[in-house]
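Residues per chain are reported as follows:
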Amino acid sequence: MEELQSTEILDREILEDARKKAYRILKAADETIKAASGVWEKKTGETLEALSAKYAERRKLAAAEILARLPMDKRRAKAEKIESLLHQAVQAWYAGLDRDKVLAILKTELKKRLAECSEFFDTGEQVRALVHKLERAEAQAILQAVLPGKTCVIEESPAISLYPEIILDNRLVRISASIHKTVDFLLREKRAELIGSLLGTAAFNMEEVL
């Protein structure tokens, strides 16, 4: 009987000892987890603060860059708008010309260029005339006026411009006359006058033009 009681007491002691050990292990694990969580939370907080400061600085730099670039962008937008208006005005001018005026411009321009190098076309060599946006009869009339008595072979030139053009070509030289050159001259030499006519003093005031 005493032996049985001793066994029961021993079992209780073993269980109690095991319970205490388990408690200590669980408590240590809990403390470890709490300590690790504290470290993790601290690191996470520091990381978030660093990221927040980093992106705040990036936003500041981006805002400064945008503000610095804004005047340049406004000037570029103004220049593009004026350029578009100029081309529209020139196209409207061309659309308003009657066909005889267009042909007269081409003939005048061709005569000017021939006057500077007429010796290259006095060799008796056949002249080739490349034409673009011109009827054959129109080209023949111009050629007879600028090169009387000369035989010219008329060929159509691939589309390289929105405007009529005529090119004289032989083995020695090539000259051309085109409405495109006249348009370029107007846009280059008469630019200020055209802008003033189109926009007045607003051309020099960015806020009014944009």
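The following refers to the structure shown. None of the values given here were measured: they were computed from a predicted structure.

Glancing now at the nonpolar core. If you look at the biggest cluster of nonpolar residues, it comprises 33 residues, and the most contacted ones within it are Leu110, Leu114, Phe121, Ile166, Leu168, Ile175 and Ile179. For this core, the elements supplying multiple residues, two or more each, are α1 (2–95), α2 (99–116), β1 (127–132), α3 (136–146), β2 (152–156), β3 (165–169), β4 (174–178) and α4 (179–189). Looking at which element gives the most residues to this core, the answer is α2, with six residues. Once residues within four sequence positions are removed from consideration, isoleucine 175 is found in contact with Leu110, Arg113, Leu114, Cys117, Phe121, Ile166, Ile167 and Leu168.

Turning our eyes to something else, we now look at the packing of aromatic side chains. Applying the stated rule across the entire model yields one aromatic pair. Here tyrosine 94 and tyrosine 163 contribute two aromatic rings whose centre-to-centre distance is 4.9 Å and whose plane-to-plane angle is 85 degrees, an arrangement assigned as edge-to-face. Taken together, the residues span a long stretch of sequence, with tyrosine 94 in helix α1 and tyrosine 163 in the loop between β2 and β3 at a distance of 69 residues. You'll find tyrosine 94 and tyrosine 163 in the same group, each marked buried.

At a closest axis distance of 9 Å, the pairing of α2 and α4 adopts a crossing angle of 85 degrees. Viewed along their axes, α2 and α4 adopt a mutual orientation that is roughly perpendicular. Listed contacts from α4 to Val102, Ile105, Leu106, Glu109 and Arg113 of α2 are Ile179, Lys181 and Thr182. Split by residue class, the contact of α2 with α4 holds four nonpolar, one polar and three charged.

Rules used throughout
- Residues numbered from 1 in each chain as written.
- Predicted model: local features only at pLDDT ≥ 70, side-chain atom pairs only at ≥ 80, totals over all residues.
- Heavy atoms only, no water.
- Core = buried A, V, L, I, M, F, W, Y, C linked by side-chain atoms within 4.5 Å.
- Buried < 20%, exposed > 50% of the residue type's maximum accessible area, 1.4 Å probe, protein only.
- Helix = DSSP H or I, 4+ residues; strand = E, 2+ residues; numbered from the N terminus.
- Contact = heavy atoms within 4.5 Å.
- Phe/Tyr/Trp six-rings, centres within 6.5 Å; stacked < 30°, edge-to-face > 60°.
- Axes fitted to C-alpha atoms, helices over the stretch in contact; angles between N-to-C directions.
- Parallel < 35°, antiparallel > 145°, perpendicular 65-115°, else oblique.
- Nonpolar A, V, L, I, M, F, W, Y, C, P; charged D, E, K, R; others polar.

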